[in-house]
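# Descriptive structure summary
Each chain is listed here by its residues.
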Amino acid sequence: MTLHLHDTATRTTSPLNPVREGAVSLYVCGPTTQGAPHLGHLRTFLAFDVLVRWLERGGREVTHIRNVTDIDDKILERSAEAGSAWWAWSLRFEREFQDVLDQVGNRRPTYEPRATGHVPEMIELMQRLIERGHAYADGNGSVYFDVSSLPTYGALTRQSLEAMQDAGEVPEPGKRDRRDFALWKAAKPSEPETASWETPYGRGRPGWHLECSAMSRKYLGESFDIHAGGLDLRFPHHENEQAQSHAAGYGFARRWMHAGVLTVDGLKMGKSLDNFVTSARALAEHPTPAVRLALVSGHYRATVEYNATAMREAEVVWERFSATAHRAAEHLAGDRLTAPDADLTGVQLPADFTAALDDDLAVPEALAVIHHEQAVLNSLLAEGGDHAAVAGGLGRLRAMLDVLGLDPLSAQWAGAADTGGADHAALDALIRVQLSARAAARAEKDWGRADALRDVLSEAGIRIEDGPDGARWSLEQPAR
């Protein structure tokens, strides 16, 4: 099956036919560095990390651009409130984003351009739009896009211009129409001089939308394969990006992909609802691979729910994946397949797994295949399976989980089997006392006591698996 992906613009799922055969060009709207990264950011970036991994697994050369909006109104406001230089404030949170994305195993993009590094390209695009009759300067340093000049404005979100509300811009006296949006914002006396640049239309700084059109063209060309981002960016940001690029005469994105929103305890995350979860908090409270699993296990277009139950399930599932992989690695001790840097590209993936991901990245269906393969591998290990059979099972398990960024034996997650920290170590010590008592009862053929000890652990949600090397424990999969 050929890879099929959903297109938000057409609302259809169709085969991916890239601009250049064997290669895929991808632009993902990156962070605005006004504050610390939160779970909504991670949800979006991890969704498209799985896309990149699947594209590369299929042998495609991926050029992945993720921009950094390092100057905007909120960055200037918050840095001023904190008494910090705006650029220092922005850099601080850019580094926080990078650190947390590295922590959860998000692959770094091919290029990660900053808005402030591409002012010349933005000025060039702005001039082109004015020359083509799609933009105008207000005479005071600001430049606006004339939405009425483009008949297709609103095509991405299927809105008519007549029914469209204000595009999110603060009302300005220089606007000809309230729906026009700023390409360039005039410098304000209250803002630092370092936060503005000279242009033929006056001194100012970029509007939010202009940067992505300028940078995508520079790094990916006038037409590229996929533009991706969070669902909340469809309007006005992505609508305006498309409008200014099309008005300039460029093909721009051939396909739009949007990740669904993240909710916390059933509500959309927001500071006003007191359910705002930073990435740092989530990673402090839960094993890092479990956080990643929770955020990628749903379909990328669906809403992902974050709550105590969802995280408990993710922790249990991760622990079981990890336990199976490490148990198989011990069985295959010395085999090259067990190395963190083992080459998994030649592993034949199960057909159902491939079909699921080729169907618009259907991760829930792919996970069902992973669970099945894990169960088969567990059975092989319990029976003392031969080397070749166990190696085949471990290879498939690792290769599938690697597509999700969750290979337990990879360098990223080396030592993550005990990611529960002190709590996990304490639980392990207590369970091992029970397992030792059970082993002694079995040795004495006191089957009633052995079964009673096993039942106590089972009632506590502890799964016991007996094998040639003794008993192992893992947390039970919660019932859904």
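You'll find the structure just up there.
Basis of the calculations
Residues numbered from 1 in each chain as written. Predicted model: local features only at pLDDT ≥ 70, side-chain atom pairs only at ≥ 80, totals over all residues. Heavy atoms only, no water. Pairing = 2+ DSSP bridges. Helix = DSSP H or I, 4+ residues; strand = E, 2+ residues; numbered from the N terminus. Axes fitted to C-alpha atoms, helices over the stretch in contact; angles between N-to-C directions. Contact = heavy atoms within 4.5 Å.

Turning next to the sheet that holds strand β10 (residues 226-230). Ordered by their spatial adjacency, four strands build an open sheet running β4-β3-β10-β12, and the pairing between neighbours is parallel. What marks the edges here is a single partner per strand, and that holds for β4 (61-66) and β12 (256-259). Strand-to-strand twist of the sheet, defined as the mean angle between neighbouring strand axes without regard to direction, takes the value 20°. Judged from the six bridges that link them, strand β3 (residues 23-28) and β4 form a sheet pairing that is parallel. Paired with Tyr27 across the bridge in β4 is Ile65. Across the sheet, helix α5 (residues 210-220) touches β3 and β4, and the angle it forms with β3 is around 160°. Taken strand by strand, helix α6 (residues 234-247) contacts β10 and β12, and its axis lies near 160° from that of β10.

This part takes up the sheet that holds strand β6 (residues 143-145). In sheet architecture, strand pairing relies on hydrogen bonds along the backbone and comes in two forms, parallel and antiparallel. In spatial order, the strands read β5-β6-β7-β8; together these four strands make up an open sheet with antiparallel pairing. Strands with a single pairing partner mark the edges of an open sheet, and in this sheet they are β5 (135-137) and β8 (204-206). Pairwise comparison of adjacent strand axes, ignoring direction, gives a mean angle of 20° for this sheet. As paired strands, β6 and strand β7 (residues 181-186) are joined by three bridges and run antiparallel to one another. What sits directly across from Tyr144, in β7, is Ala182.

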